[in-house]
Amino acid sequence: MAGGRKNFYIFSIISRRAYSLVDGMNACLSVGRNFPLVAALSAMALAQGLKIFYYYWKDGEWVIAHLFETGGMPSGHSATVTALTLGIAITQGVGSPVFAASMIFSIIIMYDAAGVRRATGKQALILNRIVEDIYATGKIREEKLRELVGHSPFEVFVGVVIGVIIVLSLRSTGWWM
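Everything numeric in this text was worked out from a predicted model, so none of it was measured.

Trainee: Let's hear about the overall build of the protein: which residues, and what values?
Mentor: The number of helices and strands found in the protein is 6 helices and 0 strands. Burial statistics for the protein: of 177 residues in total, 31% are counted as buried. Summed over its atoms, the accessible surface of the protein is roughly 11600 Å², and 68% of this surface lies on carbon and sulfur atoms.

Trainee: Could you give an account of helix α3 (residues 76-92), naming the residues involved and the relevant values?
Mentor: Over its 17 residues, α3 extends 24 Å from the first C-alpha to the last, a length consistent with the 24 Å expected when each residue adds 1.5 Å. Turning to α3, its buried residues are Gly 76, Ser 78, Ala 79, Thr 80, Val 81, Thr 82, Ala 83, Thr 85, Gly 87, Ile 88 and Ala 89. Count one or two residues on from α3 and you reach Gly 93, which has phi positive near 95 degrees.

Trainee: Go over helix α4 (residues 97-114), please, and point to the residues and values.
Mentor: For α4, built from 18 residues, the straight-helix expectation of 26 Å at 1.5 Å per residue is met to within 8% by its first-to-last C-alpha distance of 26 Å. Looking only at α4, the buried set comprises Phe 99, Ser 102, Ser 106, Met 110 and Ala 113. One side of α4 holds all its buried residues, which, seen down the axis, span an arc of 65 degrees. Exposed positions of α4 whose direction lies more than 90 degrees from the buried face are Pro 97, Phe 105 and Tyr 111.

Trainee: Quick rundown of the packing of helix α2 (residues 35-59) against helix α6 (residues 153-173)? Include the residues and the values.
Mentor: Remark: α2 packs on α6, axes separated minimally by 9 Å, with the N-to-C direction vectors making an angle of 130 degrees. Here α2 lies oblique to α6, going by the angle between them. Helix-helix and strand crossings are classified by hand; for α2 and α6 the assignment is right-handed. Packed against α2, whose contacting residues are Phe 35, Val 38, Ala 39, Ser 42, Ala 43, Leu 46, Ala 47 and Leu 50, the element α6 presents Ile 162, Gly 163, Ile 166, Val 167, Leu 170 and Arg 171 at the interface.

Trainee: Hey, could you go over the confidence of the model for the protein for me, with residue numbers and the actual values?
Mentor: Here the protein averages 76 in pLDDT, while 70% of its residues score no lower than 70. Per-element averaging of pLDDT across the protein places helix α1 (residues 3-32) at the bottom with 58 and α3 at the top with 92.

Trainee: If you had to explain the packing of α2 against α3 to someone new, which residues and values would you point to?
Mentor: Helix-helix packing is described using two parameters, namely the angle between the two axes and the distance between the axes. For the pair α2 and α3, the least separation of the axes is 8 Å and the interaxial angle reads 155 degrees. In terms of their interaxial angle, α2 and α3 are classed as roughly antiparallel. Crossing handedness for the pair α2 and α3: right-handed. Note on element contacts: α3 touches α2 through Gly 76, Ala 79, Thr 80, Ala 83, Leu 84, Gly 87, Ile 88, Ile 90 and Thr 91, opposite Phe 35, Pro 36, Ala 39, Ala 40, Ala 43, Met 44, Ala 47, Gln 48 and Lys 51. Looking at side-chain class alone, the contact of α2 with α3 contains 12 nonpolar, 5 polar and 1 charged residues.

Trainee: Give a detailed account of a nonpolar patch on the surface, specifying residues and quantitative values.
Mentor: Together, Leu 46, Leu 50, Phe 53, Tyr 56 and Trp 62 give the surface a local cluster of nonpolar side chains, amounting to about 490 Å² of exposed area. Tracing the sequence through the fold places Phe 53 in helix α2.

Trainee: Report on the packing of aromatic side chains, specifying residues and quantitative values.
Mentor: In this structure the tally under the stated criterion is 4 aromatic pairs. Here the aromatic rings of Phe 53 and Trp 62 are separated by 5.4 Å at their centres, their planes lie at 90 degrees, and the arrangement is edge-to-face. Arranged with centres 4.0 Å apart and planes meeting at 10 degrees, the rings of Tyr 56 and Trp 62 form a pair that is stacked. Judged by relative accessible area, Tyr 56 falls into the partly exposed class, the value being 35%.

Trainee: I'd like to hear about the side chain of Thr 82, residue by residue, with values.
Mentor: In this fold, Thr 82 is placed in helix α3. Assessed through its relative accessible area of 11%, Thr 82 is described here as buried. Excluding anything up to four places from it in sequence, Thr 82 contacts Met 110, Val 160, Gly 163 and Val 164.

Criteria and cut-off values
One numbering rule holds for all chains: residues counted from 1, following each sequence as written. Confidence filtering applies because this is a predicted model: local features only for residues at pLDDT of at least 70, side-chain atom pairs given and counted only at 80 or more, and all residues used for totals across whole chains, interfaces and linings. Hydrogen atoms and water are omitted, and side-chain values are computed over all heavy atoms in the structure. Only DSSP runs of H or I reaching four residues or more are called helices, and only runs of E reaching two or more are called strands; each is numbered from the N terminus. Think of it in three bands: residues with accessible area under 20% of the maximum for their type are buried, residues over 50% are exposed, and the middle band is partly exposed, with areas taken using a 1.4 Å probe on protein chains only. Accessible surface area values rest on a Shrake-Rupley calculation with a 1.4 Å probe, where residue burial reflects the displayed protein chains alone. By definition here, a helix of n residues has an expected span of 1.5 Å times n minus one. When we speak of the arc, we mean the arc of directions from the helix axis to the C-beta atoms. With axes taken as lines fitted to C-alpha atoms, and helix axes fitted only over the stretch in contact, angles between N-to-C directions fall between 0 and 180 degrees. Each angle receives one of four descriptions, namely roughly parallel if under 35 degrees, roughly antiparallel if over 145, roughly perpendicular if within 65 to 115, and oblique otherwise. Note on convention: the crossing is left-handed when the near helix lies turned anticlockwise from the far helix by less than a right angle, right-handed when the turn is clockwise. Only heavy atoms matter for contacts: two residues are in contact if any of them lie within 4.5 Å across the pair. pLDDT expresses, on a scale from 0 to 100, how confident the predictor is about each individual residue. Ten residues, namely Ala, Val, Leu, Ile, Met, Phe, Trp, Tyr, Cys and Pro, are considered nonpolar, four, namely Asp, Glu, Lys and Arg, are considered charged, and the remaining ones, Gly among them, are considered polar. Each patch is assembled from residues with relative accessible area greater than 30% and no salt bridge, linking like charges that lie within 9 Å and nonpolar side chains (Val, Leu, Ile, Met, Phe, Trp, Tyr) that lie within 5 Å. Counted as salt bridges are all cases of a side-chain nitrogen of Lys or Arg within 4 Å of a carboxyl oxygen of Asp or Glu. Aromatic pairs are defined between Phe, Tyr and Trp rings, using the six-membered ring for Trp, whenever the two ring centres lie within 6.5 Å; interplanar angles under 30 degrees are classed as stacked, those over 60 as edge-to-face, and all others as tilted.

Dropping the structure here:
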């Protein structure tokens, strides 16, 4: 390869990599300025973090594992989808197809959290009692099922309130505009 062509080739590789790096940084900055996404992640983090304090208040012991659990007070699912949907409503408008899709999925997720998953938790409680009875008689030993699977309607409501508070708080700062 001639000297000029070789230098051009090396320069084009370097410039492509530099543009890729800049594009990657711009993409990261764009994600960080995506109001519905930041609002949803913030609501989820707050709701999950509040579980640690709520269960300390309720049970008297600090359990960091509550940060990663589904179910219980407050509903992280409800907080997340509420913040996402409200964030979309603010940025895209309630007439947008994206808002419509988010609203439908939010309703499904909250219904599932308070309905199906809650029933699953109640079934786990009953099955665990059966296992304890069998274990007490010495006939069989089984692993207990996780009982805190879903949410009560109040837990879902508190999740919704957290989602609304996060969105309105973030919106009031105006950082995302």
